[in-house]
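Spelled out, the chains give:
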Amino acid sequence: MPPTGPTFAEQLAAAQFTAVHLEMRDSYSVEKEAEALAAWRDGFRYDPADRAAWWRPWLTRIQETVARGVEVRRARIVSEPVSEYIRYEHSGTFTNIAAGEDIRWLPRRRASDIALPGNDFWLFDGKLVRFNHFTGEGQSAGPSFSDDPAVARLCAAAFETVWQRAVPHEKYSI
């Protein structure tokens, strides 16, 4: 596929069965999270009982996807002890779960023998891969796409191996 492709929203809307996401970085520095991360550093935490305060368009999109019967799973490979960013991410993961995502965490030491792609990715219906590229500082460097069956198989195998070894969110404490 060419370096450009459908938007993420279009890819998620087109998914019929599965959307799986593998995250492998210990820190991200994407602009849209800067304010929330700064507030978290200052002690702010979402109140699970105040859904209106933390519900956002992303969660609506996931909820709608899951309601269509699409299984949405996310696995995160993390170094331990975890980074500040992972602590921030972990504290807000209950929102993703409320929307219908299933999330697991895999300590990086348990991933050493897994063949992993070089980048984070989303895999839709086991066929289309959306790689998420980042700069060395963790800023988004844009996506790339592949519908090559061999690439999709690599990503599917990596994700499923990580998933089987990973700890469900509710059992992973940091």
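Here's what I pulled together on the structure shown here. (Residues numbered from 1 in each chain as written. Predicted model: local features only at pLDDT ≥ 70, side-chain atom pairs only at ≥ 80, totals over all residues. Heavy atoms only, no water.)

## Some words on the overall build of the protein chain
Now for step 1: From N to C terminus, the protein chain includes six helices and seven strands.
Now for step 2: Secondary structure of the protein chain in N-to-C order comes out as α-β-α-α-α-β-α-β-β-β-β-α-β.
Now for step 3: Taking 174 residues into account, the globule formula puts the C-alpha radius of gyration at 16 Å, and the protein chain, at 16 Å, falls close to it.
Now for step 4: Projected onto its principal axes, the C-alpha coordinates of the protein chain cover approximately 45 × 35 × 30 Å.
Now for step 5: Here the protein chain, with 174 residues, has 40% of them falling under the buried criterion. (Helix = DSSP H or I, 4+ residues; strand = E, 2+ residues; numbered from the N terminus. Rg over C-alpha atoms; globule rule 2.2 N^0.38 Å. Buried < 20%, exposed > 50% of the residue type's maximum accessible area, 1.4 Å probe, protein only.)

## A look at unusual backbone geometry
Now for step 1: Put simply, Glu80 and Pro81 share a cis peptide bond, and its omega is -5°.
Now for step 2: Position of Pro81 among the secondary structure elements: in the loop between β2 (71-78) and α5 (84-99).
Now for step 3: Phi is positive for Asp125, which is not a glycine, with a value near 55°.

## Re the layout of surface pockets
Now for step 1: Volume-wise, the largest pocket comes out at about 1,200 Å³.
Now for step 2: For the largest pocket, the lining is made up of 38 residues, of which Val30, Lys32, Glu33, Arg74 and Tyr85 are closest to its centre.
Now for step 3: Counting only elements with at least two residues in the lining of the largest pocket, the list comes to β1 (18-23), α2 (34-41), α4 (57-67), β2, α5, β4 (120-124), β5 (128-134) and β6 (140-146).
Now for step 4: Take the lining of the largest pocket: its biggest share by element is nine residues, from α5.
Now for step 5: Residue classes in the lining of the largest pocket are distributed as 16 nonpolar, 10 polar and 12 charged. (1 Å grid on protein atoms, 1.4 Å probe; cavity = no way out; pocket = protein on both sides within 12 Å on 5 of 7 lines; lining within 4 Å. Points joined across faces, edges and corners; volume = space filled by probe spheres on them. Nonpolar A, V, L, I, M, F, W, Y, C, P; charged D, E, K, R; others polar.)

## Points about the packing of α4 against α5
Now for step 1: The N-to-C vectors of α4 and α5 enclose an angle of 35°; their axes lie 8 Å apart at closest approach. Packed against α4, whose contacting residues are Trp58, Leu59, Ile62, Gln63 and Val66, the element α5 presents Thr95, Asn96 and Ala99 at the interface.
Now for step 2: Within the contact of α4 with α5, the residues separate by chemical class into five nonpolar, three polar and no charged. (Axes fitted to C-alpha atoms, helices over the stretch in contact; angles between N-to-C directions. Contact = heavy atoms within 4.5 Å.)

## A closer look at the packing of aromatic side chains
Now for step 1: A full pass over the atoms with the stated rule returns 15 aromatic pairs.
Now for step 2: Ring centres of Trp58 and Trp122 lie 6.1 Å apart, and the angle between their planes is 65°; this geometry places the pair in the edge-to-face category. Here Trp58 is found in helix α4, whereas its partner Trp122 is found in strand β4, with 64 residues between them in sequence.
Now for step 3: The exposure class assigned to Trp122 is buried, which follows from its relative accessible area of 4%.
Now for step 4: An aromatic cluster is present here, built from Tyr28, Trp40, Tyr85, Tyr88 and Phe134 joined pairwise through their rings.
Now for step 5: The ring of Trp163 has Arg73 lying over it, and the distance from NZ or CZ to the ring centre is 4.9 Å. (Phe/Tyr/Trp six-rings, centres within 6.5 Å; stacked < 30°, edge-to-face > 60°. Lys NZ or Arg CZ within 6 Å of the ring centre and 35° of its normal.)

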